[in-house]
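# Survey of secondary and tertiary structure
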Amino acid sequence: MKRQKRDRFQRAYVHGYKAGLSGRSRDDCPSQDINLREYWMSGWREGRGDQWSGMTGVSGIHKNPMVM
């Protein structure tokens, strides 16, 4: 069975979420494309907020975008 390619914007959001959750800087955004950067930053903000709220590890599994 072939895997369906994921949307580029969804991938950017997930990568940004992971970066924010792990505490990386927002300057680490790999994309220069303004649209992809916007999605990455949205994910980063969400991940950073979850990190500050203590939603890391097992307590944050319900928030993980990869699980959805």
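Residue indices begin from 1 for each chain and proceed along its sequence in written order. In view of the model being predicted, local features appear only for residues whose pLDDT reaches at least 70, and side-chain atom pairs are presented and counted only at 80 or more, with totals across whole chains, interfaces and linings using the full set of residues. Only hydrogens and water are set aside when side-chain values are computed; all heavy atoms of the structure are taken into account.

In the annotation of an unreviewed UniProt entry, the protein chain is listed under the name Ribosome modulation factor and assigned to Halomonas fontilapidosi. UniProt, in the comment section headed Subcellular location (unreviewed entry), describes the protein chain in these words: "Cytoplasm". UniProt positions are given in the numbering used here, feature names are shortened, and annotations may be inferred rather than shown by experiment.

## Thoughts on the overall build of the protein chain
Each helix is a run of DSSP H or I of at least 4 residues and each strand a run of E of at least 2, with the numbering of both proceeding from the N terminus. From N to C terminus, the protein chain includes 2 helices and 0 strands. When accessible area is computed with a 1.4 Å probe and restricted to protein chains, residues below 20% of their type maximum are described as buried, those above 50% as exposed, and intermediate ones as partly exposed. For the protein chain, the proportion of its 68 residues judged to be buried stands at 26%. Contacts between residues were defined by any pair of non-hydrogen atoms, one from each residue, lying within 4.5 Å. Intrachain contacts of the protein chain at a sequence separation of at least 6 include 71% that bridge at least 24 residues. Accessibility throughout is a Shrake-Rupley quantity obtained with a 1.4 Å probe, and a residue counts as covered only by protein chains that appear here. For the protein chain, the accessible area works out to roughly 5300 Å², and carbon and sulfur atoms hold 51% of it.

## Brief notes about the nonpolar core
Throughout this description, the term nonpolar core refers to a set of buried Ala, Val, Leu, Ile, Met, Phe, Trp, Tyr and Cys residues connected via side-chain atoms within 4.5 Å. Listed in full, the 7 residues of the largest apolar core are Ala12, Ala19, Cys29, Leu36, Trp40, Met41 and Trp44. With 4 residues, helix H2 (residues 34-52) is the largest single contributor of residues to this core. Non-local contacts of cysteine 29, meaning those with residues more than four positions away in its chain, are made with Arg37 and Trp40.

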